[in-house]
Amino acid sequence: MNQNQQPGRRTGAVWTLVITGVAGFMAALDNLVVTTALPSIREDLGGALEDLEWTVSAYTLTFAVLLMFGAALGDRFGRRRLFIVGLAVFTGASAAAALATGIDALIAARAVQGVGAAIMMPLTLTLLTAAVPAARRGAMLGIFSALTGVAVAAGPLIGGSLTEHVSWQWIFWLNVPIGLLLLPLARLRLHESYAPNARLDVPGTLLVSGGLFGIVYALVNGNGDGWTSTRILFCLIAGTVLLVAFAWHGSVARNPMLPMSLFRSRAFFGINIASLLMFLGMFGSIFLLSQFLQGVVGYSPTEAGLRMLPWTGMSLLVAPVAGILSDRIGGRPVVTTGLALQAIGLALFALVLEPGVSYATELLPALAITGVGMALYFAPAASVVMSSVRSSEQGIASGANNALREVGGALGIAVLGAVFAAQGGYESPQAFSDGTVPAVWIGAGALALAALVALLIPKRGTAPGGPVTEPASAVHAGADADRAPVAV
């Protein structure tokens, strides 16, 4: 009887991989696909620098603050059901973004896209892991991770090609037929599952959402409204107070979204703060450099996307080697080296950026060094996160790390955008260079600080309850399979 069931189980696992893999690809793609389209969006819809920042940050910020809440919703109300809801929201918001006739409408659609991704994305691996037998789980998760890596690497190129050869609207239209195809497949092919006694941390979600929105709003609009204006000061103060309240809530609540006790672990503190700083420096720099390649150097959107590949695509080549290396010598030296190389790469950018810069002799080395550094960071990062906590806390730890990365990206665009606006602008290639150089120096500084923070990670990750010996793939799979309920 078991033999007769095996083909059906294999078919179910394959269908689950296809559905969750394509959904994950779309969500990951939308992090960077818009970057090379920003000049065309600004030309078509108008808007100032802060509007372009919100075009990216509206997605990453809602994605970040609702990611753990989305996982908890799936645990409580059904993972397949909430996956379908998230996919439907993401698909509908993609259509709304493509139909936007003004920059405000586009920003609103991007925010709703982030809501859909926050519900959908954390459930993809949970559904996949539950559907795949343990013996084949590593291979399936490897394929899933490869799809996500391809999405990140190809994001600028896909965005640039669609913008140049069709229109920027097609970076969003692309999601619609795929989403409409996946919706009935998810309903028919995915199996429902729940987490017993899962509850939602609504107060924690509201506190962190309000706090981060206030901080990011102030950073994005500070130059335009004036840093001493009532609105900006109110947002800064209110945002800070709400984030402090979120930290207090995480210390005293019975089952908070993010228990502050986790940060007592040097490994957990080190890798998560380093991750936040890494995304702050890198995401903010990509936001400006992708525009620099078009507005200053003069490349078309497709040419700019191709020339970003040594940066974004290096992970596909270096990550397997970095993973083997981290298994042999530990995650700390690999992560630290990766962060240091990214800091060096951004510093090289800052040293050479000017209207007449040469791609082959000046930009390409910086792109390659930064790409290698990013690959060295990503390969062992998940294993370091998981080995820093008890097995019962791995779901929360995984969600927290992903959320902090997205928060870092939103803050990076806001901080580096503020520096750019204060020192330069879009008036001329020289003005754009004048603003980009100090902003990228800030990004390099954030990466250098991240490398120093990563030194806090112990040489070999040890969870509070004892040593963790699982390899990176097993730890990553287990974290998503046993995602802890986010409770109140």
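On a predicted model such as this, the values are computed, not experimentally measured, just so you know.

1. Examining the packing of aromatic side chains
Tallied over the full model, the rule gives 14 aromatic pairs. Both rings, one in Trp-54 and one in Phe-213, keep their centres 5.9 Å apart while their planes meet at 35°; by these two values the pair is tilted. Taken as a pair, Trp-54 in helix 3 (residues 49-77) and Phe-213 in helix 9 (residues 202-225) lie far apart in primary sequence, 159 residues in all. Chaining the aromatic ring pairs together yields one cluster made of Phe-279, Phe-283, Tyr-377 and Phe-378. Geometry around Tyr-299 places Arg-307 over its ring, the cationic atom sitting 4.2 Å from the centre. In this arrangement the basic side chain of Arg-307 is found over the ring face of Tyr-359, its NZ or CZ atom lying 5.5 Å from the centre.

2. Considering the pattern of salt bridges
Applying the stated criterion to the full structure yields three salt bridges. Among the ionic pairs, Asp-30 bridges to Arg-110, the shortest N-O distance being 3.5 Å. Taken together, the residues span a long stretch of sequence, with Asp-30 in helix 1 (residues 2-32) and Arg-110 in helix 5 (residues 103-131) at a distance of 80 residues. No difference in accessibility class separates Asp-30 from Arg-110, as the two residues are buried. The residue Arg-79 makes a salt bridge to Asp-75 at a minimum N-O spacing of 2.9 Å. One exposure class covers both Arg-79 and Asp-75, and it is buried.

3. Notes on the nonpolar core
If you look at the biggest cluster of nonpolar residues, it comprises 139 residues, and the most contacted ones within it are Phe-83, Leu-106, Trp-311, Leu-339 and Phe-349. The leading source of residues in this core is helix 11 (residues 266-295), at 17 residues. The next biggest cluster of nonpolar side chains, apart from the first, holds seven residues, and it includes Ala-13, Leu-125, Met-140 and Phe-144.

4. Topic: the packing of helix 11 against helix 15 (residues 359-387)
In contact at an axis separation of 12 Å, helix 11 and helix 15 are set at 150° when each is read in the N-to-C sense. One element, helix 11, and the other, helix 15, form an angle in the roughly antiparallel class. When the axes of helix 11 and helix 15 are compared, the crossing they make is left-handed. On the side of helix 11, the interface is formed by Ile-271, Ser-275, Met-278, Phe-279, Met-282 and Leu-293, while helix 15 contributes Leu-363, Thr-370, Met-374, Tyr-377, Phe-378, Ala-381, Val-384 and Val-385. Residues that form the contact of helix 11 with helix 15 fall into these classes: 12 nonpolar, two polar and no charged.

5. Quick notes on the packing of helix 4 (residues 79-99) against helix 5
It is the contact of helix 4 with helix 5, at a shortest axis distance of 7 Å, that shows an interaxial angle of 150°. With respect to each other, helix 4 and helix 5 are oriented roughly antiparallel. You can see that helix 4 and helix 5 cross each other, and the crossing is left-handed. For the pair formed by helix 4 and helix 5, the contact residues are Arg-79, Arg-80, Leu-82, Phe-83, Gly-86, Leu-87, Val-89, Phe-90, Ala-93, Ser-94, Ala-96 and Ala-97 on the first element and Leu-106, Ala-109, Val-112, Gln-113, Gly-116, Ala-117, Ile-119, Met-120, Leu-123, Thr-124, Thr-126 and Leu-127 on the second. Grouping the constituent residues of the contact of helix 4 with helix 5 by class yields 16 nonpolar, six polar and two charged.

6. Examining the confidence of the model for the protein chain
Predicted confidence across the protein chain gives a mean pLDDT of 85, with 90% of residues reaching 70 or more. Contacts from residues 1-5, a stretch scored under 50 in pLDDT, to residues over four places away or in other chains number zero contacts. Below pLDDT 50 for its whole length, residues 461-488 participates in 67 contacts with residues either more than four positions away or in separate chains.

Rules used throughout
Residues numbered from 1 in each chain as written. Predicted model: local features only at pLDDT ≥ 70, side-chain atom pairs only at ≥ 80, totals over all residues. Heavy atoms only, no water. Phe/Tyr/Trp six-rings, centres within 6.5 Å; stacked < 30°, edge-to-face > 60°. Helix = DSSP H or I, 4+ residues; strand = E, 2+ residues; numbered from the N terminus. Lys NZ or Arg CZ within 6 Å of the ring centre and 35° of its normal. Salt bridge = Lys/Arg side-chain N within 4 Å of Asp/Glu carboxyl O. Buried < 20%, exposed > 50% of the residue type's maximum accessible area, 1.4 Å probe, protein only. Core = buried A, V, L, I, M, F, W, Y, C linked by side-chain atoms within 4.5 Å. Axes fitted to C-alpha atoms, helices over the stretch in contact; angles between N-to-C directions. Parallel < 35°, antiparallel > 145°, perpendicular 65-115°, else oblique. Left-handed = near helix turned anticlockwise from the far one by under 90°. Contact = heavy atoms within 4.5 Å. Nonpolar A, V, L, I, M, F, W, Y, C, P; charged D, E, K, R; others polar. pLDDT = per-residue confidence, 0-100.

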